[in-house]
Every structure is written in structure tokens, then in C-alpha cells.
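Structure assessment
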Amino acid sequence: MDEEVLEKLLTKLIGLTEFGALKWHFAGDVSKAYVTVFRDSRLKLTENALDITQLEGETVRLDTKLHQEPLPTLLDNLHKAAKESSKRFRTSAVKMVSSNSLTNVCQKLLEDEEQVALSRCLTCNLAFDPSRSYNHISHKEANGKGFYICQECVSKIGLAEAQGRLEKAVRSYVNSNINNDPITGDTLPGLTKKSFEAEEKNNSESRSI
């Protein structure tokens, strides 16, 4: 058993959970477990174990009773992070999936890691991954600047209010760029508004002749 692989995976899951990129949900008072979906795998977390289920495979378990430190401490930290996460994200559809050997499964989750592009919500200011969110709203400028309101805030304040806040932020950004435009009447004193309008009028008359 490669303990280092397990340690890397738990550390990664803790980081993603604390940063808000991985959301956990309380499975209920009967199992007292937290569940989530990560890279096509269903994770079920209790105080003493982590079950990993991948597509077309058996469920494998990381049990603290079978491992030495730092794995028990890391699993405990993940459990605390998941519990905190579930307070913010209470509802979600969990995809049932599965796997074979604990080390191989953990290694697979660590391989081919995708870059997580997080965005910050205008309302709650928390970071989230838009690619994993379905009910958030957003607006992107031509220069790549993006504005987002997460699905939790949209549900909390309502779609109309969320859209209003998003549009206000976009207008403020656009006006700020206009005011900061280096090409103004101060830098081009010869090109005043009146002279510009007069030139446009002359050009228009020339084209109509």
C-alpha cells in the first residue's frame, strides 16, 4: 500500500474543500456521512473512513484503523472541512459511480489533474468553480473580464435581484474604463467635441454630394 499516494489525495481534497471548489453534502442522520462527486468518483466520508466508488468497479475504503499517522489526522481534517462545507451547500444530486484497489483509485484521482478555474461571487465574495455550478449567473466582457453570482446567492436573493446586482457591477466596470481612457480632450486638445461633430457633418455632406 502506497501511503504517500493516500496522503497526497487527502491533502488535495482538504485544500479543494476549504477553498470551496469541492462541495460536500450531509447524507443524513442514519449514516452520518458526507458525500460528494470528484472526477467521476463518488466519495462517502465518515469520521473513521473514506469510501471511494468509481464507474464499473468495487467500492474501496481508506480506514483510519488500518493506517498510521498522518493519515488519521488528515482524514479527521477532511471530515471537519466537509462538515463545514455541508453547512453552506445543503442540496445536490449525487452521481452514483465506483473502483478496484485503494491505491490505484487514489492514484487515478491524482493523475491528469485539470486546472480548476475559480471565480469569485459578487454577493458573498466566496470562490467557486463555474464549470461545476449550474444555476449561477454571469457576464463576460470582450477583454475576458468576468462577473459572477453563485447559485447559492441566486437562490437566496432571487434571480431578479441577482441580475440587477450583476448589471450594476458591469456598468460600474465599463464606466470606470471609460473614465480611465488615456485618449481624452486633455491629451488631444485640438479634437474637441464640437470640432469632431463639425468634421463628421462635413464628411456626411461630402458623401451626399
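Topic: the confidence of the model for the protein
- Per-residue pLDDT for the protein has a mean of 77; in total, 75% of the residues score no lower than 70.
- Here residues 90–99 is a poorly scored stretch, pLDDT under 50, and it has 30 contacts once near neighbours within four places are set aside; other chains count.
- Ignoring residues within four places in sequence, the model shows residues 183–196, a span with pLDDT below 50, making four contacts including any to other chains.

With respect to the packing of aromatic side chains
- All told, the structure shown has three aromatic pairs when counted by the stated rule.
- Seen from their ring centres, phenylalanine 128 and tyrosine 148 are 6.3 Å apart, and the 80° between their planes marks the pair as edge-to-face. With a gap of 20 residues between them, phenylalanine 128 in strand β7 (residues 127–128) and tyrosine 148 in strand β9 (residues 146–149) connect regions that are remote in the sequence.
- Given a relative accessible area of 10%, tyrosine 148 falls into the buried group.
- Sitting over the ring of phenylalanine 147, lysine 145 keeps its end group 5.4 Å from the ring centre.

Some details on the pairing of strand β5 (residues 60–63)
- Examined bridge by bridge, strand β4 (residues 49–54) and β5 share four bridges and lie antiparallel to one another. Bridging from a neighbouring strand, alanine 49 pairs with aspartate 63 of β5.
- The antiparallel hairpin formed by β4 and β5 contains five residues in its connecting segment, where glutamate 56 sits at a positive phi of about 55°.

Things to note about the environment of threonine 17
- Structurally, the position occupied by threonine 17 is in helix α1 (residues 3–19).
- Taking the relative accessible area as the measure of exposure, threonine 17 reaches 1% and is therefore buried.
- It is 6.3 Å that separates the C-alpha atoms of threonine 17 and alanine 81, two residues lying 64 residues apart in sequence.
- Residues in contact with threonine 17, not counting those within four places in the same chain, are Leu22, Trp24, Leu78, Ala81, Ala82, Ser85 and Arg88.
- A distance of 2.9 Å separates polar atoms of two side chains, one belonging to threonine 17 and the other to tryptophan 24.

A closer look at helix α2 (residues 71–88)
- Between its first and last C-alpha, α2 extends 26 Å over 18 residues, near the 26 Å set by a 1.5 Å rise per residue.
- Within α2, burial applies to Leu71, Leu74, Leu75, Leu78, His79, Ala81, Ala82, Ser85 and Ser86.
- Buried residues in α2 make contact with α1, β1 (25–26), β2 (34–38), β3 (41–45), β4 and β5.

With respect to the state of the cysteines
- All told, the structure shown has zero disulfides when counted by the stated rule.
- Looking at the unpaired cysteine 124, the closest cysteine sulfur is the one in cysteine 121, lying at 3.7 Å.
- Overall, the relative accessible area of 32% leaves cysteine 124 in the partly exposed class.
- A disulfide-free cysteine, cysteine 153 has its sulfur positioned 3.6 Å from the sulfur of cysteine 150, the nearest such atom.
- On the accessibility criterion, cysteine 153 (5% relative accessible area) is buried.

Things to note about the packing of α1 against helix α3 (residues 102–110)
- Interaxial distance between α1 and α3 falls to 9 Å at its minimum, and their mutual angle equals 45°. Our classification of the angle between α1 and α3 gives oblique. Seen along the crossing, α1 lies across α3 with a hand that is left-handed. Contacts between α1 and α3 involve Val5, Leu6, Lys8, Leu9 and Lys12 on the former and, on the latter, Leu102, Thr103, Cys106, Gln107, Leu109 and Leu110.
- Taken together, the residues of the contact of α1 with α3 break down into seven nonpolar, two polar and two charged.

Definitions and limits used
- Residues numbered from 1 in each chain as written.
- Predicted model: local features only at pLDDT ≥ 70, side-chain atom pairs only at ≥ 80, totals over all residues.
- Heavy atoms only, no water.
- pLDDT = per-residue confidence, 0-100.
- Contact = heavy atoms within 4.5 Å.
- Phe/Tyr/Trp six-rings, centres within 6.5 Å; stacked < 30°, edge-to-face > 60°.
- Helix = DSSP H or I, 4+ residues; strand = E, 2+ residues; numbered from the N terminus.
- Buried < 20%, exposed > 50% of the residue type's maximum accessible area, 1.4 Å probe, protein only.
- Lys NZ or Arg CZ within 6 Å of the ring centre and 35° of its normal.
- Pairing = 2+ DSSP bridges.
- Polar contact = N/O pair within 3.5 Å; in protein donor to acceptor, adjacent residues only side chain to side chain.
- Expected span 1.5 Å × (residues − 1).
- Disulfide = S-S within 2.5 Å.
- Axes fitted to C-alpha atoms, helices over the stretch in contact; angles between N-to-C directions.
- Parallel < 35°, antiparallel > 145°, perpendicular 65-115°, else oblique.
- Left-handed = near helix turned anticlockwise from the far one by under 90°.
- Nonpolar A, V, L, I, M, F, W, Y, C, P; charged D, E, K, R; others polar.

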